[in-house]
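If you want the building blocks of each chain, they are given just below.
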Amino acid sequence: MNTPPTRLLIHGASGRMGQSLLRLAAGQPESLQVVAAVTRRSPAQRVVEGVPHFAASELSGAPVFDVAIDFSLPEGFDPILALCVERGVPLVSGTTGISAVQQQALELAASRIPLVWASNFSLGVAVLADLVERAAAALQGWDVDVVESHHIHKKDAPSGTALTLGQAAGSAGADVHYASLRAGDIVGEHTVQFTGMGERIELTHRATHRDIFARGALHAARRLAGRAPGSYRVRDLLD
Ligand code: NAD
């Protein structure tokens, strides 16, 4: 018997990530159906390419959905988390810059609903973090450096992803150092370098398109539906 498509609410639908999510979800109608696209302000059209649109102020009136995917801004985060808890449905969020209080609210919500929050939804980075942890555990005493390169507009350094990779190595006991480069239009590159005496291993991830984040979030949304409440990592949802 065919499984019905997962019904999605996309929160932050007019943004760069939101548009990418809508486009990719539209290409998988047999497994995904966007039932609500939510943006900050009231949209000019109520239905765009068959997708019902809502303003943030109308969020409580959104139709029934199976998973919410949130790529908005910190000020939009509390209402979508509250709605998911109230309705008992999973949340996938990639919204960055959330406060410590919002992080705590996320932890509390994990006792009620399944959720994943991540600063990087690329499946490649999820696999890289796993490889880094295993390499660091096997290479005790080696120097571990995370080198990251991004476009010149990126302000924070090291990147959130570099810190996540550093934590993966740190959890295996490594003392990690960081280096950041800001140049041209680089989407994002991360190398974790393990240096011993007379030999070196470099594990590198290169992002060339932001669709990888949207693809990872859609993948996580499909895997999260029907799970027990809890806080999941992207790498917990890989297969
Ligand atoms: P953007 O500025 O292009 O879009 C933001 C969207 O959020 C818009 O649709 C806007 O209408 C909506 N919004 C703003 N305030 C809102 C509110 N109060 N309520 C509801 N909706 C609201 O941003 P973007 O580049 O699409 O990025 C969105 C978020 O995703 C940012 O936090 C960004 O850092 C993050 N991001 C995360 C990853 C990842 O892999 N985790 C990757 C890329 C971007």
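No experiment lies behind these values; they were computed from the predicted model shown. (Residues numbered from 1 in each chain as written. Predicted model: local features only at pLDDT ≥ 70, side-chain atom pairs only at ≥ 80, totals over all residues. Heavy atoms only, no water.)

Further remarks concern the pattern of salt bridges. For the structure shown, the criterion picks out 10 salt bridges. Among the salt bridges present, the one from arginine 46 reaches glutamate 58, with a minimum N-O distance of 2.9 Å. Remark: glutamate 58 occurs in the loop between β4 (51-55) and β5 (67-70) and arginine 46 occurs in the loop between β2 (32-39) and β3 (47-48); sequence separation between them is 12 residues. Residue classification places arginine 46 among the partly exposed residues on the basis of a relative accessible area of 40%. A salt bridge links aspartate 236 to arginine 233, with the nearest nitrogen and oxygen atoms 3.1 Å apart. Here the salt bridges share partners, and the residues they tie into one network are Asp130, Glu133, Arg134 and Arg235. (Salt bridge = Lys/Arg side-chain N within 4 Å of Asp/Glu carboxyl O. Helix = DSSP H or I, 4+ residues; strand = E, 2+ residues; numbered from the N terminus. Buried < 20%, exposed > 50% of the residue type's maximum accessible area, 1.4 Å probe, protein only.)

Around the ligand lies a shell of 24 residues, among which Ser14, Gly15, Met17, Thr96 and Phe121 are the nearest. Contact distances for the ligand include 2.8 Å between an oxygen atom and a backbone N or O atom of methionine 17. For the ligand, a nitrogen atom lies 3.3 Å from a polar atom in the backbone of glycine 94. Contact with the protein chains hides 84% of the accessible area of the ligand, taken as 860 Å² for the molecule alone. (Near = heavy atom within 4 Å. Polar contact = N/O pair within 3.5 Å; in protein donor to acceptor, adjacent residues only side chain to side chain. Areas by Shrake-Rupley, 256 points an atom, 1.4 Å probe, with all protein chains shown as cover.)

Residue placement: serine 93 occurs in strand β6 (residues 91-93). Looking at serine 93, its side chain comes within polar contact range of the side chain of aspartate 70, at 2.8 Å. Not counting chain neighbours up to four residues away, the residues in contact with serine 93 comprise Asp70, Phe77, Val116, Trp117, Ala118 and Phe121. (Contact = heavy atoms within 4.5 Å.)

Okay, the pairing of β2 next. Within a regular strand, side chains alternate between the sheet's two faces. Of all 8 residues that make up β2, 7 are buried, and the element is covered over most of its length. Examined bridge by bridge, strand β1 (residues 6-11) and β2 share 6 bridges and lie parallel to one another. Each bridged residue has a counterpart across the sheet, and for arginine 7 the counterpart in β2 is glutamine 33. (Pairing = 2+ DSSP bridges.)

Purely geometric numbers; function is a separate question.
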